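Survey of secondary and tertiary structure
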Amino acid sequence: KKLTIAIVGATGAVGQQMLQCLEERQFDVNLKLLASSRSAGKVFTFNNQKVTVKELTENSFDDVDYALGATENDLAKKWIPWANAKGVVVVDNSSAFRLDENVPLVIPEINPEDIKKHNGIIANPNCATIIAMVALHELHKEYHIKRMIVSTYQAVSGAGVKGIQDLENQLKDPDAPCTAFPYPIAYNLIPQIGDFDENGISKEEWKMQNEARKMWHHPDLLVNCTCVRVPILRSHSESIFIECEKEVDVNQARELISKGQGTILKDDPQNKVYPMPLDTTDQDLVYVGRIRKDLTDPTGRSLALFCCGDQIRKGAATNAVQILEKLIQ
Ligand code: 2RA
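Note that the coordinates shown come from a computational prediction; the quantities given were computed from them, not determined experimentally.

Here we have six strands laid out as an open sheet, ordered S5-S2-S1-S6-S7-S8, and parallel in their pairing. A single partner strand is all that each edge strand has here, and the edge strands are strand S5 (54-55) and strand S8 (121-123). Taken together, the three bridges between strand S7 (residues 89-92) and S8 define a ladder with parallel strand orientation. Following the sheet pairing, Val 90 is matched in S8 by Ile 121. Packing against the sheet, helix H1 (residues 13-24) makes contact with strand S1 (4-8), strand S2 (30-35) and strand S6 (66-69), and its axis sits at approximately 155° to S1. Against the sheet, helix H2 (residues 73-85) makes contact with S1, S6, S7 and S8, and its axis sits at roughly 155° relative to S7, the strand it touches most.

All right, on to the site of the ligand then. Close to the ligand lie Asn 126, Cys 127, Gln 154, Gly 158, Ala 159, Ile 193, Glu 204, Arg 229, His 236 and Gln 311. Within the side chain of Asn 126, one N or O atom sits 2.8 Å away from a nitrogen atom of the ligand. The separation between a nitrogen atom of the ligand and a polar side-chain atom of Glu 204 is 2.5 Å. Contact with the protein chains removes 81% of the 240 Å² of surface that the ligand exposes when unbound. Residue composition of the shell around the ligand, by class: three nonpolar, five polar and two charged.

Below, the discussion takes up unusual backbone geometry. Its identity is not glycine, yet Asn 47 carries a phi of approximately 50°, on the positive side. Checked against the element boundaries, Asn 47 lands in the loop between strand S3 (43-46) and strand S4 (49-52).

The positions that UniProt labels "active site" (unreviewed entry) are, in the present scheme, Cys 127 and His 236. Spanning 110 residues, the named residues form one tight spatial group whose C-alpha atoms are at most 8.1 Å apart. With a relative accessible area of 9%, Cys 127 lands in the buried category. Setting aside residues up to four positions removed in sequence, Cys 127 forms contacts with His 236, Gln 311 and Gly 315. Turning to its location among the elements, His 236 is positioned in strand S11 (residues 235-244). The residues touching His 236, leaving out its near neighbours within four places in the chain, are Cys 127, Ala 128, Ile 131, Tyr 153, Gln 154, Ala 155, Arg 229, Cys 307, Cys 308, Gly 309 and Gln 311. Polar contacts involving the side chain of His 236 include one to the side chain of Gln 154, which spans 3.5 Å.

Moving on, we come to the pairing of S7. Side-chain alternation along S7 places Val 89 and Val 91 on one buried face and Val 90 and Asp 92 on a second face that is also buried. One ladder, built from four bridges, connects S6 with S7; its direction is parallel. Note that in S7 the partner of Leu 68 across the bridge is Val 91. As for the winding sense of the linkage, the β-α-β connection from S6 through H2 to S7 is right-handed.

About the criteria used
- Residues numbered from 1 in each chain as written.
- Predicted model: local features only at pLDDT ≥ 70, side-chain atom pairs only at ≥ 80, totals over all residues.
- Heavy atoms only, no water.
- Pairing = 2+ DSSP bridges.
- Helix = DSSP H or I, 4+ residues; strand = E, 2+ residues; numbered from the N terminus.
- Contact = heavy atoms within 4.5 Å.
- Axes fitted to C-alpha atoms, helices over the stretch in contact; angles between N-to-C directions.
- Near = heavy atom within 4 Å.
- Polar contact = N/O pair within 3.5 Å; in protein donor to acceptor, adjacent residues only side chain to side chain.
- Areas by Shrake-Rupley, 256 points an atom, 1.4 Å probe, with all protein chains shown as cover.
- Nonpolar A, V, L, I, M, F, W, Y, C, P; charged D, E, K, R; others polar.
- UniProt positions renumbered as here; feature names shortened; annotations may be inferred.
- Buried < 20%, exposed > 50% of the residue type's maximum accessible area, 1.4 Å probe, protein only.
- Right-handed = clockwise from strand over helix to strand, strands pointing away.

If you want it as structure tokens, here you go:
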């Protein structure tokens, strides 16, 4: 019997990419597209079949085996119990359950063994966290990262279709409305993603430390993160400094990354070869370059690098579909 997979939040940027990833990765399944009443009736194509979006209700999951969640937190907290009540296992891209101890948080290249610990929900990490950890994983295994200082340059797609539309509209007309961000994003940078706490640290900035600690099973990891919205469509870029337990070697680090799962080494600065968002857009690998020793650290245990990855793909949809692949294999 063919499995039935539901995409919940099917008409958003991530939901649409999930559909495309399922098709690219040849999922021979029945697909159910669920969204709000205002999207019900829209028709999409999957494996050359027309699929009509249905309204998400409590009874949407009777005939579903697995669900991919691409909704905001509040809605996820509402519909996921409906799905679990019908025995449906959910891979959720919202941040609602990521830190719940009964919910595995997974990047398949890093901690696939955590998938089987699920109790009905597996959480997909935040896009900026996925891109950083895929870039760093081999280095962490070799040098054991103690502390990370990260600056992110996050694409407007992180705020969904509205974010993309704001940038495209404002580039045409600087007076076009700001619907996704507090200020114009065209020709601008906005050093805020999510609300700030009393320490002046944003919700997005806390995600990097909280989620990396959970997935690396490394509760002492220290992360200082600055998250900035930039006028780029789809790829997040990140400048990362790591302080390790062991002395680092740049050539070995390059070797580890070139052999790493999910990464491509783009590191020949003398020939202007380094990661850029235009290169990583609409593909699933994380590009890593600008790898260099931190000459200000006499212990030789610190290293800096720059990486880029597609926020909608590996940062969200592809990672979730890769988790689903592991679940049903
Ligand atoms: C953002 N990481 O970039 C958040 C959610 N995708 O807006």
